[in-house]
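Structural overview
Now for the letters of each chain:
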Amino acid sequence: MSYRITLLPGDGIGPEVSSAMQKCVDATGVDILWEEVMVGAPAIAQHGTPLPQAAIDSIKKNKVAIKGPIETPVGKGFRSVNVQLRQELDLFACVRPARYIEGTQAVNKNVNLMIFRENTEDLYSGVEFDQGSPEASQLISLVNSFPGKKVRPDSSISIKPISAFGSERIIRAAFEYAVNHGRKKVSLVHKANIMKYTDGLFLHTGRKMAEEYAGRVVFEDVIVDNMCMQLVQRPENYDVLVLTNLYGDIISDLCAGLVGGLGLAPGANIGTAAALFEPVHGSAPKYAGLNKVNPTATILSAVMMLDHIGEAVAARRLETAVFDVIRAGKDVTYDLKSDRNDVSAVGTKEMAQAICQRIKALGN
Ligand code: NAD
């Protein structure tokens, strides 16, 4: 069977890790026709926008896509292309595994977590008003007209919408994953002690849904600041985590740090109409074009993609090849060496070549 898959290389280190991933996937023998579409900085230069309509159309048509990271200007400039893609395609479930891989410089070996991050709401919904804008002033006047509410007139405003619909579908995805993959516990992460209505709704939805899964999956809730400390000290106590958008973003990086860094953390954005796979890490501009960074996160995102399209045998072969190369510790990038200045570290391309050779050695 052949597949047509959209490939968005992105910018910064994106093209390098995407090309490494593509070679490794092709080495499994799965017949993929890659439909490459430009996004991010190269698309601005050519089309005047970081997210050309062609990218959205291609993903809608093919229903499966994989992308490299895309830079987002901080505090100014265009809106995150990543957030726009997730919202435009309603890719509501951001699924990010974090687990120990033998041979890595992991802070803690007892990590085997599956993170479910809500991907379309919360402070990432893009409902923001700049300080001094007529919209911000209007909103501040409205809020200040309510009894007991006081917002300073020189404030910028970001709105945090959390809906019952959005909460239900991501929490359901986490419970269903737990049931279907023999996971024992779902931990819902929140700050409902302070945000009683938004995080409160998320928590209330989880508690209610937990009743349906009683006897099959244990449910607990943990306040987000405590969760950060618990994950650093006792990650083995956790299994499946479900979080709203912002906490999910932050906790994913924390968990990536626990297992040896962002170079090892894959991810998927799943909706009902399409799925978009991408590493957790960003475009790491300081490493762009240096053939230096670790391609593992993007290759393991492709493993998730192969599972998603039903190519489980190829997925296991690719995953085994990656794990074997990391365990052997020879043909790996600088971040996988115990000394990051180790001159024997190889580049992105060379690590991908070693994985391709291992795939061939593993046979069918
Ligand atoms: P980053 O993830 O790009 O990099 C942070 C650090 O992590 C790097 O300096 C490097 O030390 C390490 N790192 C990242 N990827 C690595 C890899 N493959 N191998 C080895 N080490 C790796 O985070 P940042 O510097 O905060 O963000 C840079 C840009 O990326 C920003 O514009 C940000 O908005 C964007 N970003 C994009 C995405 C995405 O496309 N989904 C995600 C996160 C950040």
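Residues numbered from 1 in each chain as written. Predicted model: local features only at pLDDT ≥ 70, side-chain atom pairs only at ≥ 80, totals over all residues. Heavy atoms only, no water.

**A closer look at the packing of aromatic side chains**
One pass over the full model with this rule turns up four aromatic pairs. Centroid distance F116 to Y177: 5.5 Å. Interplanar angle 55°. Geometry classified as tilted. Linking F116 in strand β5 (residues 112–118) with Y177 in helix α6 (residues 164–180), this pair joins segments that are 61 residues apart in sequence. Classification of F116 as buried rests on a relative accessible area of 4%. Aromatic side chains Y287 and Y334 sit 5.7 Å apart centroid to centroid with 35° between the ring planes, which places their arrangement in the tilted category. Highlighted residues: Y287 in the loop between β12 (275–277) and α10 (296–308) and Y334 in the loop between α11 (312–328) and α12 (348–362), separated in sequence by 47 residues. Taken as a pair, Y287 and Y334 share a single burial class, namely buried. An aromatic cluster is built from F175, Y213 and F219, whose rings are joined through pairwise contacts. The aromatic ring of Y334 is capped on one face by K292, whose charged end is 4.3 Å from the ring centroid. (Phe/Tyr/Trp six-rings, centres within 6.5 Å; stacked < 30°, edge-to-face > 60°. Helix = DSSP H or I, 4+ residues; strand = E, 2+ residues; numbered from the N terminus. Buried < 20%, exposed > 50% of the residue type's maximum accessible area, 1.4 Å probe, protein only. Lys NZ or Arg CZ within 6 Å of the ring centre and 35° of its normal.)

**Section: the packing of helix α8 (residues 224–233) against helix α9 (residues 245–258)**
Direction vectors running N to C along α8 and α9 enclose 10°, while the axes themselves pass 10 Å from each other. One way to sum up the angle between α8 and α9 is to call them roughly parallel. Between α8 and α9, the residues in contact are V224, M227, C228, L231 and V232 and Y247, I251, L254, C255 and L258, respectively. Grouping the amino acids of the contact of α8 with α9 by side-chain chemistry returns 10 nonpolar, no polar and no charged. (Axes fitted to C-alpha atoms, helices over the stretch in contact; angles between N-to-C directions. Parallel < 35°, antiparallel > 145°, perpendicular 65-115°, else oblique. Contact = heavy atoms within 4.5 Å. Nonpolar A, V, L, I, M, F, W, Y, C, P; charged D, E, K, R; others polar.)

**Brief notes about the environment of I171**
As for its placement among the helices and strands, I171 is situated in helix α6. Taking relative accessible area as the criterion, I171 reaches 0% and is therefore assigned buried. Sequence separation between I171 and S2 is 169 residues; the distance between their C-alpha atoms is 33 Å. In this view, I171 contacts L188, F202, T205, G206, M209 and V242; residues no more than four positions away in its chain are not counted.

**Things to note about the site of the ligand**
Close contacts around the ligand come from 22 residues, with I70, T72, G282, A284 and N294 the closest. Between the ligand and the protein, one listed contact pairs a nitrogen atom with a side-chain N or O atom of E278 at 3.1 Å. Interatomic distance of 2.9 Å between a backbone N/O atom of N294 and a nitrogen atom of the ligand. Burial of the ligand by the surrounding chains reaches 72%, relative to a free accessible area of 820 Å². Residues of the shell around the ligand, tallied by class, amount to nine nonpolar, seven polar and six charged. (Near = heavy atom within 4 Å. Polar contact = N/O pair within 3.5 Å; in protein donor to acceptor, adjacent residues only side chain to side chain. Areas by Shrake-Rupley, 256 points an atom, 1.4 Å probe, with all protein chains shown as cover.)

**Regarding the domain arrangement of the protein chain**
Many analyses report the size of an interface as the accessible area lost when the parts associate. Assigned domains of the protein chain: these are domain 1 (1–97 + 262–364), domain 2 (107–125 + 161–258) and domain 3 (127–159). Buried area between domain 1 and domain 2, summed over both chains or domains, comes out near 1400 Å², and the portion from carbon and sulfur atoms is 53%. Three residues, F92, C94 and R96, lead the burial of domain 1 against domain 2; their summed loss comes to 42% of the area buried on that side. Our enumeration of links across domain 1 and domain 2 arrives at two salt bridges. When residues of the side of domain 1 that touches domain 2 are traced back to their parent elements, those giving at least two are α4 (81–88) and β4 (93–99). If you tally residues by element for the side of domain 1 that touches domain 2, the top one is β4, at five residues. (Domains from an automatic or database assignment. Buried area = accessible area lost by both parts, 1.4 Å probe. Salt bridge = Lys/Arg side-chain N within 4 Å of Asp/Glu carboxyl O.)

**Quick notes on helix α1 (residues 14–27)**
For α1, which comprises 14 residues, the first-to-last C-alpha distance of 20 Å matches the rise-based estimate of 20 Å (1.5 Å per residue) to within 8%. When α1 is considered as a whole, its buried residues turn out to be G14, E16, V17, S18, A20, M21, Q22, C24 and V25. Among the structural elements, β1 (2–8), β2 (31–36), β3 (64–67), α10, α11 and α12 are those in contact with the buried residues of α1. Downstream of α1 by a residue or two, G29 has a phi angle that is positive, lying close to 90°. (Expected span 1.5 Å × (residues − 1).)

**Details of the pairing of β2**
For β1 and β2, the ladder comprises six bridges, and the chain directions are parallel. Residue pairing across strands places R4 opposite L33, the latter belonging to β2. Between the parallel elements β1 and β2, the chain passes through α1 in a crossover that is right-handed. (Pairing = 2+ DSSP bridges. Right-handed = clockwise from strand over helix to strand, strands pointing away.)

**Points about the sheet that holds β5**
The sheet built from 10 strands is open, its strands ordered β2-β1-β3-β12-β11-β4-β5-β10-β8-β9 with mixed pairing. Looking along the sheet, the strands with just one partner apiece sit at the ends: β2 and β9 (218–223). Across the sheet, the mean angle from the axis of one strand to that of its neighbour is 25°, orientation sign disregarded. The pairing of strand β11 (residues 268–270) with β12 spans three bridges and is classified as antiparallel. Paired with N269 across the bridge in β12 is L276. Helix-sheet contacts for helix α3 (residues 53–62) involve β1, β2 and β3, and the interaxial angle to β1 is about 155°. Contacting β4, β5, β8 (185–190), β9 and β10 (240–243), α6 runs over the sheet at an angle of about 160° to β5.

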